[in-house]
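Listed below are the residues making up each chain.
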Amino acid sequence: VTTGLTPTSDSPVKIAMSGGSYTLKEGDEKHFTSDKDSTTYQSVYTGGAIWLSAGDHEHPICGDKNCTKDEHKLPEGQKWQPVSTLTDGMAEGYYYLTGEITLNDTWSPKNSVTLCLNGHSITSAGSPAIKVTNVTLTLCDCKNTGTVSATADGGRGVCIKGGTLNLYGGTVTGKQYGVYMEVLNGATNTFDMYGGTIQGCYTGVYMGSRTDAANAFNMSGGTITGNGI
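Notes on the structure follow. (Residues numbered from 1 in each chain as written. Predicted model: local features only at pLDDT ≥ 70, side-chain atom pairs only at ≥ 80, totals over all residues. Heavy atoms only, no water.)

**Describing the sheet that holds strand β16 (residues 188–193)**
Okay, step 1: Strand order in the open sheet formed by seven strands is β4-β5-β7-β10-β13-β16-β19, and the pairing between neighbours is parallel. In this open sheet, the two edge strands, each paired with only one partner strand, are β4 (80–83) and β19 (214–219). The average undirected angle you get between the axes of adjacent strands in this sheet is 20°.
Okay, step 2: In this sheet, β19 lies alongside β16 in parallel orientation, the contact comprising six bridges. Within β19, the position partnered with Asp192 by the bridge is Asn218. (Pairing = 2+ DSSP bridges. Helix = DSSP H or I, 4+ residues; strand = E, 2+ residues; numbered from the N terminus. Axes fitted to C-alpha atoms, helices over the stretch in contact; angles between N-to-C directions.)

**Brief notes about the pairing of strand β8 (residues 121–124)**
For a regular strand, side chains alternate in direction, first toward one face of the sheet and then toward the other.
Okay, step 1: Of the pairings in the sheet, the one linking strand β6 (residues 101–103) to β8 comprises three bridges and is parallel in character. Each bridged residue has a counterpart across the sheet, and for Thr102 the counterpart in β8 is Thr123.
Okay, step 2: As judged from the four bridges shared by β8 and strand β11 (residues 147–150), these two strands associate in the parallel manner. Within β11, the position partnered with Ile122 by the bridge is Val148.

**Digging into the nonpolar core**
Okay, step 1: Counting residues in each nonpolar core, the largest one holds 32 residues, and the members touching the most others are Trp107, Leu115, Ile122, Ile130, Val148 and Phe191.
Okay, step 2: Here Ile122 is in contact with Leu86, Leu97, Ile101, Leu103, Leu115, Leu117, Ile130, Thr147, Val148 and Ser149, once residues within four sequence places are set aside.
Okay, step 3: The next biggest cluster of nonpolar side chains, apart from the first, holds seven residues, and it includes Ile61, Trp80, Cys140 and Tyr168. (Core = buried A, V, L, I, M, F, W, Y, C linked by side-chain atoms within 4.5 Å. Buried < 20%, exposed > 50% of the residue type's maximum accessible area, 1.4 Å probe, protein only. Contact = heavy atoms within 4.5 Å.)

**Thoughts on the pattern of salt bridges**
Okay, step 1: A full pass over the atoms with the stated rule returns three salt bridges.
Okay, step 2: As a salt-bridge pair, Asp28 and Lys25 come within 3.5 Å of each other at their nearest N and O atoms.
Okay, step 3: Asp28 gets classed as buried once you look at its relative accessible area, which sits at 6%.
Okay, step 4: Among the salt bridges present, the one from Asp70 reaches Lys73, with a minimum N-O distance of 3.7 Å. (Salt bridge = Lys/Arg side-chain N within 4 Å of Asp/Glu carboxyl O.)

The quantities given are spatial measurements derived from coordinates; they are silent on function.
This is how it looks when you write it as structure tokens:
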């Protein structure tokens, strides 16, 4: 294939997608090569589509390119995968956004996911923008300009219900709450903040007051600023 746009590791170009009676699957990317340079430009399968990219999208989860911590490296055999949409049924893995995401409602991943905002925004007209239920979601941002926001009145950026949110980068905001820990049904919720920013909300982090809820907020980095209370 030859693409009109030049693929990069941050901005791959979609070259094939499922349609009609045929659904692309893992392994189909091997049938696509670049006419320009098959060594520099590699085909990648993710989310039912095939992309042409210039090498792998690599960065430590913490955003420090000089980081050598094992816990910030991808497990052996894992790669950052490009995504242009967010679906609840995304497989467990490591993804990065290729563009802006606009949601009509809530993204509720069913599997544990690490998502690099890659400088892009996730904006939801519903609330919350992201709901973390019984899984672990790690949000990072290699460019430090990405955002997660809920624009509705009473909007919540991220709601945790029986899950864990790890925040390494990006800005989380909502008209009412930035990060909201659900307190119903005795849910155990954990929010570990290593970096990033929570701002522009009435309440930055809400932990609730129910005695049957086990909420833990651990802050070792990042900023909570410019909120109402």
